[in-house]
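What follows is each chain in one-letter form.
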Amino acid sequence: MSIEVIKLGEPLLAEVRGIDISRPLDQATRDAVNKAFLDHSVLVFRDRELKPAEMVAFEAVFGKPMIHVTKRYRHPEIDELIVMTNLNADGEVDEFESRRGLGWHSDMCYLDQPAKATMLHPLELPEKGGDTLFANMYLAYEEMPEALKSKLQGLRGTFRFGGRSKDVQNRLNPADRDKPLIDHPVVRRHPDTGRESIFVNPIHTVGILGMPDDEAVDLLDEVYAWCGQDRFQASHQWRMGDTLVWDNRCTWHSATGDNPLRQRRLFLRGNVADSVH
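Predicted, not measured: the structure shown is a model, and the values here were computed from it.

Thresholds, definitions, all that
- Residues numbered from 1 in each chain as written.
- Predicted model: local features only at pLDDT ≥ 70, side-chain atom pairs only at ≥ 80, totals over all residues.
- Heavy atoms only, no water.
- Buried < 20%, exposed > 50% of the residue type's maximum accessible area, 1.4 Å probe, protein only.
- Helix = DSSP H or I, 4+ residues; strand = E, 2+ residues; numbered from the N terminus.
- Pairing = 2+ DSSP bridges.
- Right-handed = clockwise from strand over helix to strand, strands pointing away.
- Salt bridge = Lys/Arg side-chain N within 4 Å of Asp/Glu carboxyl O.
- Axes fitted to C-alpha atoms, helices over the stretch in contact; angles between N-to-C directions.
- Contact = heavy atoms within 4.5 Å.

1. Thoughts on the pairing of strand β3 (residues 42–45)
Here β3 shows no split at all, with Val42 and Val44 on one side and Leu43 and Phe45 on the other all buried. As defined by bridge partners, strand β2 (residues 14–17) adjoins β3 across 2 bridges and the pair is classed as parallel. The residue bridging Glu15 from the neighbouring strand is Val44, located in β3. Crossover β2 to β3 through helix α1 (residues 27–40) is right-handed.

2. Things to note about the pattern of salt bridges
For the coordinates displayed, the defined rule picks out 18 salt bridges. For Arg17, the salt bridge identified is with Glu15, shortest N-O distance 3.1 Å. Take Arg17: its relative accessible area is 40%, and that puts it in the partly exposed class. Ionic pairing is found between Glu146 and Lys149, a salt bridge with its closest N-O pair at 3.8 Å. Separated by 3 residues within a single helix, Glu146 and Lys149 lie in helix α5 (residues 146–152), roughly one turn from each other. We classify Lys149 as buried; its relative accessible area is 13%. Linked by salt bridges that have partners in common, Glu15, Arg17, Arg46 and Asp242 make up one network.

3. A word on the sheet that holds strand β15 (residues 266–273)
Strand order across the open sheet formed by 7 strands is β1-β2-β3-β13-β5-β15-β4, with mixed pairing between neighbours. The strands lining the two open edges of the sheet, one partner per strand, are β1 (4–7) and β4 (81–85). Averaged over all adjacent pairs, the angle separating strand axes in this sheet is 25°, with direction ignored. As judged from the 5 bridges shared by β4 and β15, these two strands associate in the antiparallel manner. Within β15, the position partnered with Thr85 by the bridge is Leu266. Here α1 sits on the sheet in contact with β1, β2, β3, β5 (115–124) and β13 (243–247), set at roughly 130° to β3. Against the sheet, helix α2 (residues 52–59) contacts β3, β4, β5 and β15, and its axis sits at roughly 30° relative to β15.

Shown next, in the form of structure tokens:
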């Protein structure tokens, strides 16, 4: 069966048809999937329910699966997966848990070895709302005014889980909070495509290495205002059987927080490791 790649969003996002991701893939298919991943940055595979072990096996098509830092959300049987839910310990839709994923970010950028890719697969969805937004940081940088680009050359952003938010830090076990800051380039060259993109983000970036805090905040706010424009964005409307995978090295993503009927939302999430840079 031949693979078909259908572009869904102008800035990024494509659907891949013609493969069964619940089964092992031959090398030619794996190569074609990875090419589509690099070409479109966000891929959706539809109409296939995945068991947890099948999801981890499909993650390996893109690289080495990672273990997430938030121990409280780990899958009970498979460490490489976490359970994303809007439910509290009593099984009720919870305001705090409903805010998970809200705000532009890239996953695990606060580690020495960030996440190359994220994979998300729904187990329960609300009848309305719950879309996921994506933004293309290649385009944001390529179309950025030269005056702003010039301010960013050679700078390194500092990162921590949750950035400046104590609310997000509290999702970690106490021993994992307030870790030393990690730094990565503000403008990062993609190791596979060679294209440059913005790597800092509003949720997990704290500041800029060696720059006074007030100056760093002002500069980062200017970057975020530019990168958050609608013209760089695409939206995915979830349905059961979807599996999404996206490239954290050149995209931002955000939940919408939209759940007007206050219904359950439950996902499996996995991450693939990047190289140290």
